[in-house]
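Overview (structure and organization)
If you want the building blocks of each chain, they are given just below.
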Amino acid sequence: MGAPAKAEPLYSRALSMQTETFGEGDESLIDTLSDQGSMYQELEKYGDAVTSFEKALAICKTVGASADDMKVKVLSRLEDCYRQDNNLDRAIEINQEGRTLIEKQESPDQKLLSDKLNDLALLYKQKEDFANSEKYLKEAMSVIEKAYGRDSKENSIFMNNLARLYSENDMPDKAADLYKSVIDIRSKVFGARSLPVAAAMRNYASVLRDLNQVDDAKKLNREAASIEKGVQQ
């Protein structure tokens, strides 16, 4: 029996003790319920996981605005649970609820907001909804650029995701421009002869092949192999 299964009765016992000591709706139960939900998710008991997360959210709502940060975290776990269970429409609804909470804060966490937009784009990608996936990846990039700058490591992650989306939807010309930018950014952040740069070069080479620029693709792959060999030595 694995560790999550062994933990199941322990969470039940902990919740029983906390409830007896502090009361059924006490704020102290939020973390335990949320962790219990993640445990059920790992066991693929999605219905039980949702129940635990929803109980945690109900307590967050009774506590009020002071628990908003915790509520965002629980919503993120619940969203991931629905995504893993392939209930994508519900995951999208939960994502919206989380983003609304972040946006209404006095000083919204721009990194967290951009991550939620990226998550939303990936949910739409999983639904094979190209237009919305592209839309929210671009929104994620816009938010993170304002906070960290266009040439930031954070922006290169979303840029890479958008390039992959274009590549997978037969738009190699758009993907190529983005992959080239990813190489430039990663070179500044990690160094010109780093593994992240080599990975971006291989992605760029792949779309160059799709554009019939075979010689340039071969050159990039050779350069990527040289970097990888140098790092391994």
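Since this is a predicted model, take the numbers as computed values, not measurements.

Parameters and conventions
- Residues numbered from 1 in each chain as written.
- Predicted model: local features only at pLDDT ≥ 70, side-chain atom pairs only at ≥ 80, totals over all residues.
- Heavy atoms only, no water.
- Helix = DSSP H or I, 4+ residues; strand = E, 2+ residues; numbered from the N terminus.
- Expected span 1.5 Å × (residues − 1).
- Contact = heavy atoms within 4.5 Å.
- Phe/Tyr/Trp six-rings, centres within 6.5 Å; stacked < 30°, edge-to-face > 60°.
- Buried < 20%, exposed > 50% of the residue type's maximum accessible area, 1.4 Å probe, protein only.

What about helix 4 (residues 68-84)?
An ideal rise of 1.5 Å per residue puts 24 Å on 17 residues; helix 4 measures up with 24 Å between its terminal C-alpha atoms. At its buried positions, helix 4 is contacted by helix 2 (29-42), helix 3 (46-63), helix 5 (88-103) and helix 6 (110-126). Phi turns positive one or two residues past the end of helix 4, at Asn86, with a value near 65°.

Quick notes on the packing of aromatic side chains
Summed over the entire model, instances satisfying the criterion amount to 2 aromatic pairs. Geometrically, the ring pair formed by Tyr124 and Tyr136 is stacked, given 5.8 Å between the ring centres and 10° between the ring planes. One end of the pair, Tyr124, is in helix 6; the other, Tyr136, is in helix 7 (residues 130-148), and 12 residues separate them in sequence. According to the relative accessible area criterion, Tyr136 is buried, its value standing at 13%. A ring pair is formed by Phe130 and Tyr166, whose centres lie 6.2 Å apart and whose planes are at 50°; its orientation type is tilted. Within this pair, whereas Phe130 is found in helix 7, its partner Tyr166 is found in helix 8 (residues 153-168), the two being separated by 36 residues in sequence. Given the relative accessible area of 21%, Phe130 is considered partly exposed. A relative accessible area of 5% places Tyr166 in the buried class.

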